[in-house]
Amino acid sequence: MRIAELYEPHRFRLIDGSIPEPGPGEVQVKVDSVGICGSDLHYFAEGGIPGAACVYPMVIGHEPAGVVLKTGPGVTGWSAGDRVALEPAHYCYHCEFCMTGRHNLCEKIRFLSTPGEPGFFRDRVNLPVTNVLALPAGLSLRDATLFEPLAVILHSMKFASIAPGDTAVVFGAGPIGLLTVSALKLSGCGRLWVVDPVAHRREIAHSLGADETIDPGQVDPANEILRETGRRGVDVSVDCAARGDTINQCLHATRRAGRVVLTGIYSESRVPVEFHVARNKELSLFNVRRSNHESETALRLLDEYPGRFASIITHARPIEEVQTVFETLEHYSDGIGKAVVLLQ
């Protein structure tokens, strides 16, 4: 099988590999398409994220969709040719957090595409049958790759707790930020600001329903939002950028007793936080760790609202161009929004 291997910072290589027959309870899938996540870019450009440094060589990519090739002993209900989305997280199902429905906090979680756990930039994979989800008939394999990041956003929406007409700001208009814009508007959000320094990303945000966009290189975003809200601030701030001072910009832009949702992943292990701003306003701060039982809903929404979500995919490139597409993402060039790697 073909594998795109990250073998040092900023460098991929294509290699050949083999795969065993699927074991008991496993399904072998031909991986067709894999979306590129922000954490993948951290691995490529920065050598990892805090607490998960790269161990080279490694295989990344955790937003996959494909087609069933064969099933292992004991597997029923699946046949060769079935179109599927692939869950990247393996849970123990027996720890305190799995037993109480908080699978994303599983004590023994294995997340494919992290150091030591090969991801999906390979054209064959064996997975437990519990990690395979059927695709709606009208949903393409390319667009289905959005199910994993959209599931993360749906998880974040539980914390955002949007009521009809609530105001909000999203910092960062990368793929996670853009999906957040769509989810906020579908949830009944009223006036919505988006902050991003990249012009074409602000344009995509507008197309998805953002009412106002702000270039942080031109004005102070929090001050601008406070000015436009009569010094009240927004009900909800969502930090999808996790860069520089965006967490503190969220604190300043949010009203008293408001909610701040931290979806992005900082490159730094320690981030300065203006504690007294949060304390004086009695803000609620929520951290988001992946998703938790939202994948099926994400697939349904992708099927029911194809234009709203899939329009963020601007680049779909064959595996042979994986190096180039990561470089394009790193430099925000060529009008790139969301990128997908095609393995078939």
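Residues numbered from 1 in each chain as written. Predicted model: local features only at pLDDT ≥ 70, side-chain atom pairs only at ≥ 80, totals over all residues. Heavy atoms only, no water.

*Asks:* Honestly, the packing of aromatic side chains in this entry has me stumped. Any pointers?
*Replies:* Ring pairs (aromatic) are described by centroid distance and by the angle formed between their planes. Summed over the entire model, instances satisfying the criterion amount to seven aromatic pairs. Centroid distance Phe12 to Phe121: 6.3 Å. Interplanar angle 65°. Geometry classified as edge-to-face. Of this pair, Phe12 sits in strand S2 (residues 11-16) while Phe121 sits in the loop between strand S9 (110-111) and strand S10 (124-128), and the two are 109 residues apart along the sequence. Taking relative accessible area as the criterion, Phe12 reaches 7% and is therefore assigned buried. Seen in terms of ring centroids, Phe12 and Phe326 are 4.9 Å apart; in terms of plane orientation they differ by 50°. Their pairing is tilted. Separated by 314 residues along the polypeptide, Phe12 in strand S2 and Phe326 in helix H12 (residues 322-330) bring together distant segments of the chain. Residue class for Phe326 comes out buried when judged on its relative accessible area of 0%. Grouped by ring-pair contacts, the aromatic residues Phe12, Phe44, Phe121 and Phe326 constitute a single cluster. Just above the ring of Phe111 sits the side chain of Arg290; from NZ or CZ to the centre is 3.9 Å. (Phe/Tyr/Trp six-rings, centres within 6.5 Å; stacked < 30°, edge-to-face > 60°. Helix = DSSP H or I, 4+ residues; strand = E, 2+ residues; numbered from the N terminus. Buried < 20%, exposed > 50% of the residue type's maximum accessible area, 1.4 Å probe, protein only. Lys NZ or Arg CZ within 6 Å of the ring centre and 35° of its normal.)

*Asks:* Is there a simple way to think about the pairing of strand S7 (residues 83-86) in this case?
*Replies:* The pairing of strand S6 (residues 63-71) with S7 spans three bridges and is classified as antiparallel. Bridging from a neighbouring strand, Val67 pairs with Arg83 of S7. Two strands pair when backbone bridges link them, and S7 and strand S11 (residues 132-134) are joined in this way by three bridges, in the antiparallel orientation. Within the sheet, the bridge partner assigned to Leu86 lies in S11 and is Val132. (Pairing = 2+ DSSP bridges.)

*Asks:* Just checking my understanding: could you explain the layout of surface pockets for this structure?
*Replies:* Any space left empty among the atoms is revealed by the rolling of a water-sized probe across them. The computed volume of the second largest pocket comes to approximately 220 Å³. Taken together, the residues that form the lining of the second largest pocket break down as four nonpolar, seven polar and three charged. (1 Å grid on protein atoms, 1.4 Å probe; cavity = no way out; pocket = protein on both sides within 12 Å on 5 of 7 lines; lining within 4 Å. Points joined across faces, edges and corners; volume = space filled by probe spheres on them. Nonpolar A, V, L, I, M, F, W, Y, C, P; charged D, E, K, R; others polar.)

*Asks:* In this structure, what is going on with the packing of helix H7 (residues 221-228) against helix H8 (residues 246-253)? I would like to understand it.
*Replies:* The description of two helices packed together rests on the angle between their axes and the distance between the axes. Two elements in contact, H7 and H8, have axes whose closest approach is 8 Å; the angle formed by their N-to-C orientations is 15°. Comparing the axis directions of H7 and H8 gives the class roughly parallel. In this structure, H7 meets H8 at a crossing whose hand is right-handed. Contacts between H7 and H8 involve Pro221, Ala222, Ile225 and Leu226 on the former and, on the latter, Gln249, His252 and Ala253. Along the lines of polarity and charge, the residues of the contact of H7 with H8 split into five nonpolar, two polar and no charged. (Axes fitted to C-alpha atoms, helices over the stretch in contact; angles between N-to-C directions. Parallel < 35°, antiparallel > 145°, perpendicular 65-115°, else oblique. Left-handed = near helix turned anticlockwise from the far one by under 90°. Contact = heavy atoms within 4.5 Å.)

In short, geometric facts, not functional conclusions.
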